Amino acid sequence: MVPPKKYKKKKNDSKQLKKTKNKKKGKPKSIRPPVPLENGAAIDSDWWNSFWTKNSSTPDSNVPSDEEEGFKYFFRVSKKTFEYICSLVREDLISRPPSGLINIEGRLLSVEKQVAIALRRLASGESQVSVGASFGVGQSTVSQVTWRFIEALEERGKHHLSWPGSSRMEKIKSEFELSFGLPNCCGAIDATHIVMTLPAVQTSDDWCDQENNFSMFLQGIVDHEKRFLDIVTGWPGGMTVSRLFKFSGFYELCKSGDRMNGDVRRLSEGADIREYIVGGVDYPLLPWLITPYEDDDDLSAAMLNFNKMHEATRSVAVKAFSVLKGSWRILNKVMWRPDKRKLPSIVLVCCLLHNIVIDCGDSLHPDVALSCHHDSGYTGQRCKQVDPLGQLLRDNLAKYSLH
């Protein structure tokens, strides 16, 4: 869930461009107009060969020698998935006049090159100047292209991040139980900080978090394949995780009974298990959000066993965030004075790209995920809220875990 924003499309831009061209007479300019081909390619269709030749021989020893793997290294997606992403945003990127979007050779940028520039910026987290140099474009072009891409994918790719229907949810619950032993579990939840610097006029205690960084929160619920099912972002990192959770649309839907209201599972012991998600100690224990038992000497064998199963299930969310921030490293680096109104859109698009990779069956290189925790340096603040119905559900799950 992100703050709503207006998404404007300029439908008459192409017509206006034609009128302008018809009015001009005389010798044509040296800059060639884009000439789309039947397969959707444009005049910059050789961008990859130029990019690979220029960047594959850099001192960075991590660049794979294989060209296919090299493509995935730089853009985090295979060429097939890249083509799919281009198909999602193509209409929006070509419906607006590409004024000023040219490379150093004076040629207009193709949709493919624009998408590549945006993906590289998001994947590497490098400066706009550095990304521009690798493509032969200027810093302002990288800025324009990246934001145009973010606006387009935010609108065209939103179907890749949604709460599952009943049949899909049954599959998720079945896979969680098969892998970790917890019945009727719908997902795992976690949160992470997006660290940034802010101008002095924009700083406040809200944005300053427990580690004295300025940050914005991202919370996500994931399925067994580390796919994001629900996110909330845009809130200051200075608040607690439990407070962030209570500001989410997911919390409101669960409170009203409009979510986590699927079939109840009847265990062999006679206990009824409703749908729920699992979360860490910084979340409240609720009838539909189950947290672990506190570590102390009084835990029974059933409680200890449940905690192990719970942690294994919850680790799916931890790993998902490590892959997200490792793949789209702009989220893992300190952002230099970002527009706080635009940052939620950047975060959302990175989550969409994360899901698209999974939905398209892409496999990431094992080194992509962060080697450390996704929220390194931050410690959870235990939430003391305990709902009696949540406590009863957890006790029943603990008893079941012994079987």
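The coordinates are above.
Okay, so let's go over this structure. A quick note: this is a predicted structure, and the numbers were derived from the prediction, not measured.

## So, the overall build of the chain
When you go through the chain residue by residue, the secondary structure sums to 13 helices and eight strands. Buried residues in the chain amount to 51% of all 403 residues. A total of about 20100 Å² of accessible surface is found on the chain, and carbon and sulfur atoms cover 50% of it.

## Re the pairing of strand S1 (residues 185–197)
As a general feature of sheets, a regular strand has side chains that alternate between the two faces. Of all 13 residues in S1, twelve are buried; the element is thus mostly enclosed. Looking at chain direction, S1 and strand S6 (residues 276–278) are connected through three bridges and run parallel. Residue Cys185 lies in a different strand from S6, and its bridge partner there is Tyr276. Here S1 pairs with strand S2 (residues 214–222) via nine bridges, running antiparallel. Within S2, the position partnered with Met196 by the bridge is Phe214. Here S1 pairs with strand S8 (residues 335–336) via two bridges, running parallel.

## Points about the environment of Ala398
Take Ala398: it is sitting in helix H13 (residues 388–401). A residue is classified by how much of its surface remains accessible, and Ala398, at 3% relative accessible area, is buried. Through-space distance from the C-alpha of Ala398 to that of Leu182 is 9.4 Å; in sequence the pair is 216 residues apart. Filtering out sequence-adjacent residues up to four positions away, Ala398 remains in contact with Tyr293, Ala302, Met303 and Phe306.

## Side note on the pattern of salt bridges
As a working rule, side chains carrying opposite charge can pair if their charged atoms are close by. One pass over the structure, following the stated rule, counts 19 salt bridges. Across the pair Lys171 and Glu175 runs a salt bridge whose closest N-O atoms are separated by 2.9 Å. In this pair, Lys171 and Glu175 are both assigned in helix H8 (residues 166–180), four residues apart and thus about one turn of the helix distant. With a closest N to O distance of 4.0 Å, Glu294 and Arg382 form a salt bridge. Separated by 88 residues along the polypeptide, Glu294 in the loop between strand S7 (289–290) and helix H11 (301–327) and Arg382 in the loop between helix H12 (343–359) and H13 bring together distant segments of the chain.

## What about the state of the cysteines?
Under the counting rule described, the total for this entry stands at zero disulfides. Summary of cysteine pairing: Cys254 is not part of a disulfide, and the nearest cysteine sulfur, belonging to Cys186, is at 9.2 Å. With a relative accessible area of 5%, Cys254 lands in the buried category.

## Some details on the side chain of Thr81
Take Thr81: it is sitting in helix H4 (residues 79–94). With residues near it in sequence (within four places) discarded, Thr81 still touches Ile356, Cys360 and Asp362.

Here is what the cut-offs are and how they apply
- Within every chain, residues take consecutive numbers counted from 1 along the sequence as written.
- This being a predicted model, a pLDDT of at least 70 is required before a residue's local features are given, and a value of 80 or more before pairs of side-chain atoms are given or counted; all residues contribute to the totals for chains, interfaces and linings.
- Neither water nor hydrogens contribute to the side-chain values; these are computed over all heavy atoms in the structure.
- Here a helix means four or more residues in a row that DSSP labels H or I, a strand means two or more in a row labelled E, and each is numbered from the N terminus.
- Buried means the residue's accessible area, taken with a 1.4 Å probe over protein chains only, is under 20% of the maximum for its type, while exposed means over 50%, and partly exposed covers the values in between.
- To be clear on the numbers: accessible area is Shrake-Rupley with a 1.4 Å probe, and residue cover counts the displayed protein chains and nothing else.
- At least two bridges found by DSSP between two strands are what make those strands a pair.
- Whether two residues touch is decided by their heavy atoms; if any such pair falls within 4.5 Å, the residues are in contact.
- What makes a salt bridge here is a side-chain nitrogen of Lys or Arg within 4 Å of a carboxyl oxygen of Asp or Glu, nothing more.
- Criterion for a disulfide: a pair of cysteine sulfur atoms within 2.5 Å.

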